[in-house]
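# Observations on the model geometry
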Amino acid sequence: MAAFLQWRKFVFFDKDTVKEPLDNGKNFGLPGGISACDSGRGHIVLGDMDGKIWLLTRSLQLTSFQAYKLRVTHLYQLKQHSILVTVGQDEHGINPLVKVWNLDKKDSGNPLCTRIFPAIPGNKPTEVSCLSVHENLNFMAIGFTDGSVVLTKGDITRDRHSKTLTLHEGTIPVTGLAFRQVAKVTHLFVATLEKVHCYTLSIKDYPKVELDTHGCALRCSSLADPSQDSQFIVAGDECVYLYQPDERGPCFAFDGTKLLAHWHRGYLFLLIRDAKSPNKTAFGSRESSPSDKQLLTIYDLDNKFIAYSASFDDVIDVVAEWGSFYILTRDGKMFVLQEKDTQTKLEMLFKKNLFVMAINLAKSQHLDSDGLSEIFRQYGDHLYLKGDHDGAIQQYIRTIGKLEPSYVIRKFLDAQRIHNLTAYLQALHRQSLANADHTTLLLNCYTKLKDSSKLEEFIKSSESEVHFDVEIAIKVLRQAGYHSHAVFLAEKHMHHEWYLKIQLEDLKNYEEGLRYIGRLPFEQAESNMKRYGKTLMHHTPEGTTLLLKGLCTNYQPSGDAGERDERSQVYKANSEEFIPIFANNPRELKAFLEHMIEVDPRSPQGVYDTLLELRLQDWAHEQDPERKKILQGEALSLLRRDNTVFDKALVLCQMHNFKEGVLYLYEKGKLYQQIMHYHMQNEVYGKVVEACKRYGDQEGCLWEQALGYFARKEEDCKAYISEVLHHIDQNNLMPPLLVVQTLAHNSTATLSVIKDYLINKLQRESQQIEDDERKIRQYREETAHLRSEIQELKTSAKIFQKTKCNMCNSPLELPSVHFLCSHSFHQHCFESYAESEAECPTCTPENRKVMDMLRAQDQKRDLHDHFSRQLRSSNDGFSVVADYFGRGVFNKLTLVTDPPGSKPVGNLEVNLQRDLLIHTKRNC
């Protein structure tokens, strides 16, 4: 009773008396003697004591037909089929009859009766107490006052397709029946005055479960809809019980004598004898005088409130149809209860500040999220005005996604409300609806509250729990001085630049920053080393150098050691780009560069140039002779590499006065005159002569320059001049007159210096003149002899006295072939070996050599470039010119030959020229 009194009462229904459709001032009148009621399929069904069944339509049109001869006792209208099942009597006595009507089919204007059968369990005369039909038309249960329950299984509309059996037997009258269908399982609840049972009809033996030892009166049981899990409702005098097929569920302490219990559209309707009636005889008594009031109460079991309560006189039944509830009374009146719309109900609750109940009601009415959000907002505003800021923020949190966050944030910006604002912002982030400003505000709240634990919880939450702008969070934490939290966030979300900026600029943790860069992928490690390399080199030179060595050779992130063997791609940065990082660390730079050329000989050119400069600097500043010699060898070894650029290396060596390097580079670049000049500048006479000896073959002018150099010296250089003149004389490098002119400028060089040179030169010249005169005489004699032979051939006949063939060496026989060259052949030998009819086979090879030489000379006449080069490079230019004169370069030579295919008969001049060539070649 106490629980019942705590439920709030509302008027969520409007009560009206049903009026006549044609006369609105007159109440609608029900037929008299109504004994049973039901509704469904668009009409209200009434049965009376005269055996008639009345059908009431929505337009309040009443029609009837005679169903029984005596009276109608029970009605059951199916909700999914136009099938009406009735129980009544056609004759006096205890002989109840069941009839099944199809309201869609007519028989003589009345609904068609599809089946009639007696409702007596085992031929025992007893009265029917209750009736229930399954919506699938396969089950029908009839309860009797003797405690029996008859079950009809099969098509209940036909006799031959169904069978009837007694399902339940007892001595206590059956007061209620209800079928429950969940999935493919069918149950039948049976209520008596003292017990409640449940049968499972989908199992063959119909197992029975006794649910309770409390029963109920007639018409005081019903079946709830799926919102209450289709539970069986039993309304006792003290409590209302709800039952599952296998156990008892919750109960509600609704006290009072129950006269009627129904479940319609989520509401429980209870008709209770009014306890305030002055004519009440005894507590719990069901007997009442006609003047007793009956209290109809409508309960919302989900939301725990009374939706409507009113007193009526002698209610027959309550039915639901056409979206409303109708109450039928014995005095012939019919009342309608129309439910208020959801918004009206909510406004009524808002006026009473019953926001929790409004929320529950909205959820049960399946109000959309926008509507619910508005209720939460109003509830939050109500709590805020009351000063319950904690409760208000909880309601505002439930509006996230619908209500603009700024509406809530403005209310809680006060310093005393900062913890409430923090809770709201946290929820905003959890639902991934926060923007950068919200993240900034939340982190500022944490820092203002100095709540490090909450701050850690927020930033360490997983991405699936909290979503926020990480970069904004890092900025706020850094500004607030929470560097460790900012570092954690940057590392977790892989914001490498922020992590390094905080570690190196704020925390000055250079070792950790260097370690972190070593774990990054190649591209990011490279870019960050370029950015922070100078800072790291200043504070941790060794570690930075080590990392750069790895970055520029074969980089592997330090965390991926186990994956190195699997990777085929080699990552390495351009080492030349990192040289500026070592600006103030020459020792580390030298170690880095030496490592690079050792590991990768194909390193960029700048690596070699920089390393050479470092080694030359060390060599120049070194005082220890032994150490200086070692450094000199290192510099020279670098110069000997092919990677060194000549010009840059030469400049560096000259800048540091590195003599050995300069001379090596001059020699490498074949700059022999530069080597000479270098020694001349340093006045190292012995080196000057040595350079001439070493490089004089490649560049002959060195001896001339040496002679001129020594000739200009006022010192006593006779020994060196003599040695130079000896080489000039041996190789005929200079004309004697030029030598004399050169030495004439030296005051210390006397005639004795060049005496031997001039004597040797004149002797050779005299010898050369004698040789030339002898050759001239020889050539003149040969020329005269040739001219006489030519004249003889022109003026006298040639006698052929050969007796043997020059080819087979056998005696000549006619026919034979003779040539002016005195060679004779058998005709068949000539034809076998001769390549041309006009040429002697024996002289042909020699003749061809002469002809080829003449052609070659003719072709080379126009090779002016070749002539110029040979003239410049020769020690004796006159001999080259004479050679080209001999080849006929400077005159036009016309070579006359026989045309191809010509006959052996030819001009005498042609034959004479050919013989002359042959004779000339033979003499040579």
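Now for a description of the structure that goes with this document.

The rules behind these values
- Each residue is numbered by its place in its chain's sequence as written, counting from 1.
- The predicted origin of the model limits local features to residues at a pLDDT of at least 70 and limits the giving and counting of side-chain atom pairs to 80 or more, whereas totals for whole chains, interfaces and linings rest on all residues.
- Side-chain metrics rest on all non-hydrogen atoms present in the structure, leaving aside hydrogens and water.
- A run of DSSP states H or I qualifies as a helix once it reaches four residues; a run of E qualifies as a strand once it reaches two. Both are numbered from the N-terminal end.
- One less than the number of residues in a helix, times 1.5 Å, gives the span that helix is expected to have.
- Note on classification: 1.4 Å probe, protein chains only; a residue is buried when its accessible area is under 20% of the maximum for its type, exposed when over 50%, partly exposed between these limits.
- Two N or O atoms count as a polar contact when they lie within 3.5 Å, although within protein this holds only if one can serve as hydrogen donor and the other as acceptor, and sequence-adjacent residues are included solely when both atoms are side-chain atoms.
- By the convention used here, residues are in contact when the closest approach between their heavy atoms is within 4.5 Å.
- Throughout this description, the term salt bridge denotes a Lys or Arg side-chain nitrogen within 4 Å of a carboxyl oxygen of Asp or Glu.
- In this description, strands pair whenever DSSP reports at least two bridges between them.
- To obtain an axis, a line is fitted to C-alpha atoms, over the contacting stretch when the element is a helix, and the angle between two such axes runs from 0 to 180 degrees between their N-to-C directions.

## Remarks on helix 8 (residues 436–449)
Its 14 residues place the ends of helix 8 20 Å apart at the C-alpha level, agreeing with the 20 Å of an ideal helix rising 1.5 Å per residue. Buried within helix 8 we find His438, Thr439, Leu442, Leu443, Cys445, Tyr446 and Thr447. The N-cap of helix 8, judged by a side-chain oxygen 2.9 Å from the amide nitrogen of His438 a few residues on, is Asn435. Two residues or fewer after helix 8 comes Lys450, characterised by a positive phi angle close to 55°.

## Concerning the side chain of His826
Within the secondary structure, His826 is located in strand 31 (residues 824–826). A relative accessible area of 5% places His826 in the buried class. Within the structure, the side chain of His826 is placed 2.7 Å from the backbone oxygen of Pro811, a separation counted as a polar contact. Look past the residues within four positions of His826 in its chain and what remains in contact with it is Cys805, Cys808, Ser810, Pro811, Leu812, Glu813, Pro815 and Ser816.

## A look at the pattern of salt bridges
Applying the stated criterion across every chain, the model contains 17 salt bridges. Notably, a salt bridge pairs Asp212 with Arg248, separated by 3.0 Å at the nearest N-O pair. Placement of Asp212 in strand 18 (residues 208–212) and of Arg248 in strand 22 (residues 248–252) is noted, with a sequence separation of 36 residues between them. The exposure class assigned to Asp212 is buried, which follows from its relative accessible area of 10%. The class of Arg248 is partly exposed, set by a relative accessible area of 38%. By sharing partners, the salt bridges in this structure join Glu374, Arg377 and Asp381 into a single network.

## Looking at the sheet that holds strand 29 (residues 334–339)
With antiparallel pairing, the four strands of this open sheet are ordered in space as 2-29-28-27. Edge positions in the sheet fall to strand 2 (13–17) and strand 27 (315–321), since each has one partner strand and no second. In this sheet, neighbouring strand axes are inclined to one another by 20° on average, regardless of whether the strands run parallel or antiparallel. Pairing analysis gives four bridges linking strand 28 (residues 324–329) to strand 29, with the strands arranged antiparallel. Within strand 29, the residue paired with Leu328 across the bridge is Met334.

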